[in-house]
Structure formats: structure tokens, C-alpha cells
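The residues making up each chain are set out below.
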Amino acid sequence: MAPFDRDALISHSLDYELAKNRVTLFHRHTALEEAIDWLRAHGYEIVRMDASTWTTAADLHRDFARGFDFPDYYGANMAALNDCLSDVAAGAYGSSPDATGLALVLTGYDDFAKRHHEVAQATLDVVAENALSAMRFGHRLFCLVQSDDPKPVDASWNSLDRDDVLVRTLAELVMDMAWFFESCDDSVVDPDDAVKQMEWISHKLGTLPTEARTRLIALIDERAESEPELREFLQSLAENSGL
């Protein structure tokens, strides 16, 4: 592995940006796979793990031990994880010395974070700390985390998905607001005011450009699929808004 040269400050290549974040969130699988392909093409080793299959912390430790070839005495706890990743950062094991760098890829991380949030966050904190340590040895180590949840853990989104996460969050707010005015009791909001607000929401959505409408329809359909109890309302929202 090798440190970055000063040209990276200007070119802002993918690996330089990932190294700056140390732990980077990805939402779209296509963006993640494109990043992985780029890293492989530039000589990086990839250690990939499917976090959606982890039901316990023991599953996490098992896959880390296998992925990084931890020694047999690995203690399968957070302190031991930090110790062994510090060895990986120093180049003792876990990657080839001929590789450009090492990228840990965790997919479906939001599934694990929902079950064991503290462990999920602590793991990424340990990875980030050791990624920083790796730089002191002239090594490149960083982590790519795929998540379907806009905020599964405390980490930075990659530049390609950052806007998509914002769009998802705003779309959720619009759907929630529309449902509030549709379903609230007359004692909470005056019925006439509720109708006016729904008409305003429908009008604003109807003025969106074609690309934005297509994206919103996809998000509405996605939520309708996951929340059948709202399906009829969400479909009517799309139709009444001219989407």
C-alpha cells in the first residue's frame, strides 16, 4: 500500500475521497458496485461481508475473523476487534503488501443496525479509528457501508447518494404531511383547511419536472409496497397530483 500524493488534492479521485471519510455510506447498490469495480481496477483488495445476515454480534465477529484472517486466539469482542484491526492497519495480516489498499465492504448494514445499533456503531468507530492508524503506516484502509436506511449510523454519505438521501427524506415528509391532513380528526384541523392543504400539496407535486415526478412515483410505490395500509391513499395521492 502507498500514501496518496499531492495530486490527489486536485483530482479528488474516488479512493482519496473514501480515505478522507474512512467510513462512507452508500444507498444505491449500483453506486456501490461501481465503486467496488473502480477500486478493483486500481489494485485494491476487497473484503466483503453481508451484514443483513448477522442476527447477533457473534456473527459479525465470525465474518471479520474470516475476512481478515484473524489469528485463532481472536477473542470475538470489541476490544479484540480493535486489537486485530490495528494489526491489519499495520500490515501484519489481512491483505497483500502488493495491493494498492484494502477496502471493507458491508452490505445491508441497516438491517444489523436495527437489531444491534450500539454494536453496529461501535464497529464502524473501531474501523474508522484503525483506518486512520493505517495512514500513519502509509497504508490505505477504508470502509464502504451499504444501507437502505437514510440514517442507520453516524457516518458520511458518498457524493453520488447524498442528494438521493435528501430526496428520499423530503418525499417521506411530503407523504406523511399529506396523510396527516387526510386522516386527522376535525377537532385537530378544520376540514376546509385540510382540504386546502391537500389541494396545495397536489398542486405543488403536479408542477415537478418529469424526472422528479418519476422519482417521486417510485418512492411512493416503494412505500405503498412496504405499508399496505397506506397503499390506497398513496395511490390516490399520486393520481390526484397528476403524477
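### Considerations on the side chain of Q146
Then, in step 1: Considering the arrangement of structural elements, one finds Q146 in strand β4 (residues 141-146).
Then, in step 2: From its side chain, Q146 meets the backbone oxygen of H27 in a polar contact 3.2 Å long.
Then, in step 3: Within the structure, the side chain of Q146 is placed 2.9 Å from the backbone nitrogen of G108, a separation counted as a polar contact.

### Observations concerning the pairing of β4
Along a regular strand, successive side chains alternate from one face of the sheet to the other.
Then, in step 1: Within β4, 6 of the 6 residues are buried, leaving the element largely enclosed by the surrounding structure.
Then, in step 2: Alternating positions in β4 separate into two faces, L141, C143 and V145 on one and F142, L144 and Q146 on the other, with burial throughout.
Then, in step 3: The sheet contact formed by strand β1 (residues 23-26) and β4 spans 4 bridges and is parallel. Note on β4: the bridge partner recorded for V23 is C143.
Then, in step 4: By the bridge criterion, 5 bridges tie strand β3 (residues 101-107) to β4 in an arrangement that is parallel. Paired with L104 across the two strands is C143, which belongs to β4.

### Considerations on helix α3 (residues 29-41)
Then, in step 1: Here α3 spans 18 Å end to end across 13 residues, near enough to the 18 Å set by a 1.5 Å rise per residue.
Then, in step 2: Along α3, the residues classified as buried are A31, L32, A35, I36 and L39. The buried residues of α3 occupy one face: seen down the axis, they fall within an arc of 135°. What points out from α3, more than 90 degrees from its buried face, is the exposed set E34 and A41.
Then, in step 3: One or two positions beyond α3, positive phi appears at G43, with a value near 85°.

### Concerning helix α4 (residues 57-67)
Then, in step 1: When α4 is considered as a whole, its buried residues turn out to be D59, L60, H61, D63 and F64.
Then, in step 2: Immediately downstream of α4, the backbone of D69 shows phi near 55°, a positive value.

### Observations concerning the nonpolar core
Then, in step 1: The biggest cluster of nonpolar side chains holds 36 residues, and the ones touching the most others in it are F64, F68, F70, L106 and Y109.
Then, in step 2: Only β1, β2 (44-50), α4, α5 (78-89), β3, α6 (109-115), α7 (117-136) and β4 provide two or more residues apiece to this core.
Then, in step 3: In terms of nonpolar packing, the next biggest core, distinct from the first, is built from 19 residues, M175, F181, V189 and L216 among them.

### Notes on the side chain of H61
Then, in step 1: Tracing the chain through its elements places H61 in helix α4.
Then, in step 2: Relative accessible area serves as the criterion here: at 5%, H61 is assigned to the buried category.
Then, in step 3: A polar side-chain atom of H61 sits 2.6 Å from a polar atom in the side chain of Y74.
Then, in step 4: When neighbours within four sequence positions are excluded, H61 is seen to be in contact with Y74, A76, N77, M78 and L81.

### Notes on the packing of aromatic side chains
Then, in step 1: Evaluated as defined, the whole model comprises 10 aromatic pairs.
Then, in step 2: For the pair W54 and F112, a centre-to-centre distance of 5.3 Å together with 90° between the ring planes defines the contact as edge-to-face. In this pair, W54 is assigned in the loop between β2 and α4 and F112 in helix α6, connecting sequence segments 58 residues apart. The exposure classification of W54 matches that of F112, with both residues buried.
Then, in step 3: Put simply, the rings of W54, F64, F68, F70, Y74, Y93, Y109 and F112 pair up and form one aromatic cluster.

### Quick notes on the confidence of the model for the protein chain
Then, in step 1: Looking at the protein chain as a whole, the pLDDT averages 87, with 89% of positions reaching at least 70.
Then, in step 2: Within the protein chain, no element has a lower average pLDDT than helix α1 (residues 8-11), which sits at 50, and none a higher one than α4, at 98.

### Topic: the environment of D50
Then, in step 1: Within the secondary structure, D50 sits in strand β2.
Then, in step 2: At 2.5 Å, the side chain of D50 and the side chain of S52 are in polar contact.

### So, the packing of helix α10 (residues 210-226) against helix α11 (residues 231-240)
To characterise two packed helices, one gives the angle between the axes of the helices and the distance between these axes.
Then, in step 1: Orientation of α10 relative to α11, taken along the N-to-C sense of each, is 165°, at an axis distance of 9 Å. The orientation of α10 relative to α11 falls into the category roughly antiparallel. Along this stretch, α10 crosses α11, giving a crossing that reads as left-handed. Contact residues: α10 offers I220, R223, A224 and E225, while α11 offers R231, L234 and A238.
Then, in step 2: Per-class residue counts for the contact of α10 with α11 are 4 nonpolar, no polar and 3 charged.

What counts and what doesn't
Residues numbered from 1 in each chain as written. Predicted model: local features only at pLDDT ≥ 70, side-chain atom pairs only at ≥ 80, totals over all residues. Heavy atoms only, no water. Helix = DSSP H or I, 4+ residues; strand = E, 2+ residues; numbered from the N terminus. Polar contact = N/O pair within 3.5 Å; in protein donor to acceptor, adjacent residues only side chain to side chain. Buried < 20%, exposed > 50% of the residue type's maximum accessible area, 1.4 Å probe, protein only. Pairing = 2+ DSSP bridges. Expected span 1.5 Å × (residues − 1). Arc of directions from axis to C-beta. Core = buried A, V, L, I, M, F, W, Y, C linked by side-chain atoms within 4.5 Å. Contact = heavy atoms within 4.5 Å. Phe/Tyr/Trp six-rings, centres within 6.5 Å; stacked < 30°, edge-to-face > 60°. pLDDT = per-residue confidence, 0-100. Axes fitted to C-alpha atoms, helices over the stretch in contact; angles between N-to-C directions. Parallel < 35°, antiparallel > 145°, perpendicular 65-115°, else oblique. Left-handed = near helix turned anticlockwise from the far one by under 90°. Nonpolar A, V, L, I, M, F, W, Y, C, P; charged D, E, K, R; others polar.

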